[in-house]
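# Observations on chain architecture
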Amino acid sequence: MAHTTNHASARSRYEYRVWGKHRKIRKEIVRRADSEAVLEEIEDCYLISDDEEWNAKVRDDRLKLKQLVKQKRGFERWDSQWPDDVDGTPSPWDDVYSQLRLDKPARGKSYNLNKAVRKLDDEAGVQAVFVTKQRKTYRIGNVRAEIVKIDLRDGDKRLHSIALQGRDLKELKALVGDLGLDAEPNVPMHIAIEQEFANV
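Residues numbered from 1 in each chain as written. Predicted model: local features only at pLDDT ≥ 70, side-chain atom pairs only at ≥ 80, totals over all residues. Heavy atoms only, no water.

## What to know about the overall build of the protein chain
Looking only at helices and strands, one finds six helices and nine strands in the protein chain. If you line up the protein chain on its principal axes, its C-alpha atoms span 45 × 40 × 30 Å. Per-residue burial for the protein chain yields a buried fraction of 46% across its 200 residues. By sequence separation, contacts in the protein chain at least 24 residues apart represent 63% of the contacts at least 6 residues apart. (Helix = DSSP H or I, 4+ residues; strand = E, 2+ residues; numbered from the N terminus. Buried < 20%, exposed > 50% of the residue type's maximum accessible area, 1.4 Å probe, protein only. Contact = heavy atoms within 4.5 Å.)

## Remarks on the layout of surface pockets
The computed volume of the largest pocket comes to approximately 250 Å³. Looking at the largest pocket, it is lined by 19 residues, and the ones nearest its centre are Lys57, Lys64, Lys66, Glu146 and Gln165. Contributing elements (two or more residues each) for the lining of the largest pocket: strand 1 (13–19), strand 4 (54–59), strand 5 (62–72), strand 6 (75–81), strand 7 (127–140) and strand 8 (143–152). Classifying every residue of the lining of the largest pocket gives four nonpolar, three polar and 12 charged. For the lining of the second largest pocket, the secondary-structure elements that each account for two or more residues are helix 1 (23–32), strand 7, strand 8 and strand 9 (158–166). (1 Å grid on protein atoms, 1.4 Å probe; cavity = no way out; pocket = protein on both sides within 12 Å on 5 of 7 lines; lining within 4 Å. Points joined across faces, edges and corners; volume = space filled by probe spheres on them. Nonpolar A, V, L, I, M, F, W, Y, C, P; charged D, E, K, R; others polar.)

## A short note on the environment of Gln71
Positionally, Gln71 belongs in strand 5. For Gln71, a relative accessible area of 57% gives the class exposed. A sequence separation of 57 residues divides Gln71 from Tyr14, and the C-alpha atoms of the two residues are 8.6 Å apart. Only 3.5 Å separates the side chain of Gln71 from the side chain of Glu76, close enough to count as a polar contact. (Polar contact = N/O pair within 3.5 Å; in protein donor to acceptor, adjacent residues only side chain to side chain.)

## Quick look at the side chain of Glu76
Tracing the sequence through the fold places Glu76 in strand 6. The buried charged residue Glu76 lacks any salt bridge partner; its closest oppositely charged side chain belongs to Lys66, at an N-O distance of 8.2 Å. Within the structure, the side chain of Glu76 is placed 3.3 Å from the side chain of Trp78, a separation counted as a polar contact. (Lys, Arg positive; Asp, Glu negative; His and termini not counted. Salt bridge = Lys/Arg side-chain N within 4 Å of Asp/Glu carboxyl O.)

## Regarding helix 5 (residues 169–178)
Along an α-helix, residues three or four apart share an orientation, since each turn contains 3.6 residues. Regarding helix 5, the residues found buried are Leu169, Leu172, Leu175 and Val176. Angular distribution of buried residues about the axis of helix 5 spans 130°; they occupy a single face of the element. In helix 5, those exposed residues whose orientation departs by more than 90 degrees from the buried face are Lys170 and Asp178. Once helix 5 ends, the next one or two residues include Gly180, with phi positive near 75°. (Arc of directions from axis to C-beta.)

## Topic: the pattern of salt bridges
Counted by the stated rule, this structure contains 16 salt bridges. Ionic pairing is found between Arg32 and Glu28, a salt bridge with its closest N-O pair at 2.8 Å. Residue Arg32 and its partner Glu28 are located together in helix 1, separated by four residues, close to a single helical turn. Asp103 serves as the salt-bridge partner of Arg107, at 2.8 Å between the closest nitrogen and oxygen. Salt bridges here are not isolated pairs; linked through shared partners, they connect Glu15, Arg17, Glu40, Lys66, Arg135, Arg144 and Glu146.

Next comes the structure, spelled out in structure tokens:
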């Protein structure tokens, strides 16, 4: 069985994510931005579990895992990975990888995530939540800023989120304060989706 990651790697970064429209702050992010990405539309299937230190989702038939490795001054540092096979998937997600048969798309075989999710064993301990995101990404110095709309497939619920991410905690903290976001709670994507899905 694969082992659990318990340290930050070069892939890790701090994140501060808030919820709500925050129209003035969105405009300020656009004003400050050094660059702007094209609007993306993304289909994700979040795998919600009782362990909030894991943010797991399937995108483009691949599993993405983010693990909380550090908390400091209200900021959370997440380490991310895209396992290529069950042996490279940390526990307990190796069992979910196997149940979802994610080895099939990895080998170029036909695959239907909706069908795979319906076959998930209750013992897997995860709830699948399908969402559609519309995301714009900006760069402010070394900080990555996201402005996102999230639609839950089950129900007519739309969420709005702003996230600031970076490896330099001092720079990130300064920008969060400058934008006035430090008064807002930092709530990761998977936890907010879990809370909203429970109310659908």
